[in-house]
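# Structural characterization, general
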Amino acid sequence: LGDIAWGDYDNDGDLDILLTGANGSTKISRIYRNDDGAFTDIGAGLAGVRDGAVAWGDYDNDGDLDILLTGLDFFNAKISKLYRNDNGLFTEVSTSLIGVDLSSVAWGDYDNDGDLDILLSGQVNGSTRVLKVYRNDNGVFTDLALPISGIKEGMVSWGDYDNDGDLDILFAGTGPGGRTTRIYDNDGGLFTDINAGLPGIGFGFGGTAAWGDVDTDGDLDILIVGSSNNGQLTTVYRNNDCPVEADVPLTVTVVGTDVELTWPDIGVNCVHDIYESTSPYTPPTVVTYANQTSGLLLPRTGDVNNNYYFIVESTCDGNVIGSSQEAGEFDFAITN
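Here's what I pulled together on the structure shown here. Just so you know, these numbers come straight off a predicted model, no measurement behind them.

Definitions and cut-offs
Residues numbered from 1 in each chain as written. Predicted model: local features only at pLDDT ≥ 70, side-chain atom pairs only at ≥ 80, totals over all residues. Heavy atoms only, no water. 1 Å grid on protein atoms, 1.4 Å probe; cavity = no way out; pocket = protein on both sides within 12 Å on 5 of 7 lines; lining within 4 Å. Points joined across faces, edges and corners; volume = space filled by probe spheres on them. Helix = DSSP H or I, 4+ residues; strand = E, 2+ residues; numbered from the N terminus. Salt bridge = Lys/Arg side-chain N within 4 Å of Asp/Glu carboxyl O. Buried < 20%, exposed > 50% of the residue type's maximum accessible area, 1.4 Å probe, protein only. Pairing = 2+ DSSP bridges. Axes fitted to C-alpha atoms, helices over the stretch in contact; angles between N-to-C directions. Phe/Tyr/Trp six-rings, centres within 6.5 Å; stacked < 30°, edge-to-face > 60°.

So, on to the layout of surface pockets. Taken as a whole, the second largest pocket holds about 170 Å³ of empty space. What lines the second largest pocket is simply Asp3, Ile4, Ala5, Ala53, Val54, Ala55, Trp56, Ser104, Val105, Ala106 and Trp107. The set of elements that each furnish at least two residues to the lining of the second largest pocket consists of β1 (3-7), β5 (50-57) and β9 (101-108).

Right, let's talk about unusual backbone geometry for a bit. Across the chain, the bulk of peptide bonds are trans and the bulk of non-glycine residues have phi less than zero. At Asp36, a position not held by glycine, the phi torsion is positive, near 55°. Checked against the element boundaries, Asp36 lands in the loop between β3 (26-35) and β4 (38-41). Residue Asn76 is not a glycine yet carries a positive backbone phi of 60°. Looking at the secondary structure, you find Asn76 in the loop between β6 (66-72) and β7 (78-86).

The next thing to look at is the pattern of salt bridges. Applying the stated criterion across every chain, the model contains eight salt bridges. Linking Arg33 and Asp35 is a salt bridge whose minimum nitrogen-to-oxygen distance equals 2.8 Å. By relative accessible area, which is 32% here, Asp35 ends up partly exposed. Of the charged contacts in the structure, one is a salt bridge between Asp51 and Arg50, with a shortest N-O distance of 3.5 Å.

This brings us to the sheet that holds strand β10 (residues 117-123). One open sheet holds the four strands; their spatial order is β9-β10-β11-β12, and the pairing between them is antiparallel. A single partner strand is all that each edge strand has here, and the edge strands are β9 and β12 (140-143). The mean angle between the axes of side-by-side strands here comes to 25°, regardless of whether they run parallel or antiparallel. As judged from the six bridges shared by β9 and β10, these two strands associate in the antiparallel manner. Looking at β10, one finds that Ser104 is bridged to Ser121.

Turning next to the packing of aromatic side chains. Tallied over the entire structure, the rule returns 11 aromatic pairs. For the pair Trp158 and Phe191, a centre-to-centre distance of 6.4 Å together with 50° between the ring planes defines the contact as tilted. Residue Trp158 is located in strand β13 (residues 152-159), and its partner Phe191 is located in strand β16 (residues 190-193); the two are separated by 33 residues in the primary sequence. Among the aromatic residues, those joined into a cluster by ring pairs are Tyr9, Trp56 and Phe90.

Time to look at the pairing of β13. Where burial is concerned, most of β13 is hidden: seven out of the eight residues are buried. Taken together, the six bridges between β13 and strand β14 (residues 168-175) define a ladder with antiparallel strand orientation. Directly across from Trp158, in β14, lies its bridge partner Ile169.

See the structure below:
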């Protein structure tokens, strides 16, 4: 019903409390100032909400924490409000944020322009759910209108899972097709589902997901806890820099006296085995060239009317994650 967040809103060196929810039939949103461990309600005048989310973030870069708040207000209207912190006084800022409940919010600078953008999910009405990114341009927030199916009863989080310097999206919750957990890669502001194969979590049944480098290898892993389609789970999913699945396009080209095998790089920790056969449509079983990391140039000798067929199979951390269709070149012999 509620949400809480720590943040030092008054810059006195200790963490204060932002709290929302329902006290009986009364919806509340309160800030409790921490004075040496004694907490005092400052009477901030925030709209009381339940079934919502809150987050601290300095959206205007003035050195103090502002507030993003969503949920059902006193009139049972779905709201999303931004409050600016001016020396401990909180003032509502007019925005075009869509009102949601059963929601989650997160601040993050996805476009690396130096100010905090908004990631927001939730329910607009009984059948409409959203997941939105709002770009912050000097305090004006613009909906990117991403083609991503929305969720309710969920969580959203920013994190740079691929260490490319920009923030990617993790979300989990109840989508149009039921429970879902997905990662969207941020590539210069374009967000793409990486098809991570994570189990969906339905938050109406309890659960959450969170980033963290559990194996201290320098990249973010994921902890998922909750109710999935296969029952309750608490599982860590390790980030091994590998795509979950990939079709590997293989091109075979005669270049002078050589044959060139080329394929795209599909993962940081991937290696590629080349299978070779002289019979088409017969899956080769012998690895001719193992653990290749990039394209391969093979010498050829003469025209001996031999037809060669190749398949490249990609492996990441010992797991086969993709292979190519068969590709061939005719009338050459290969020598190692």
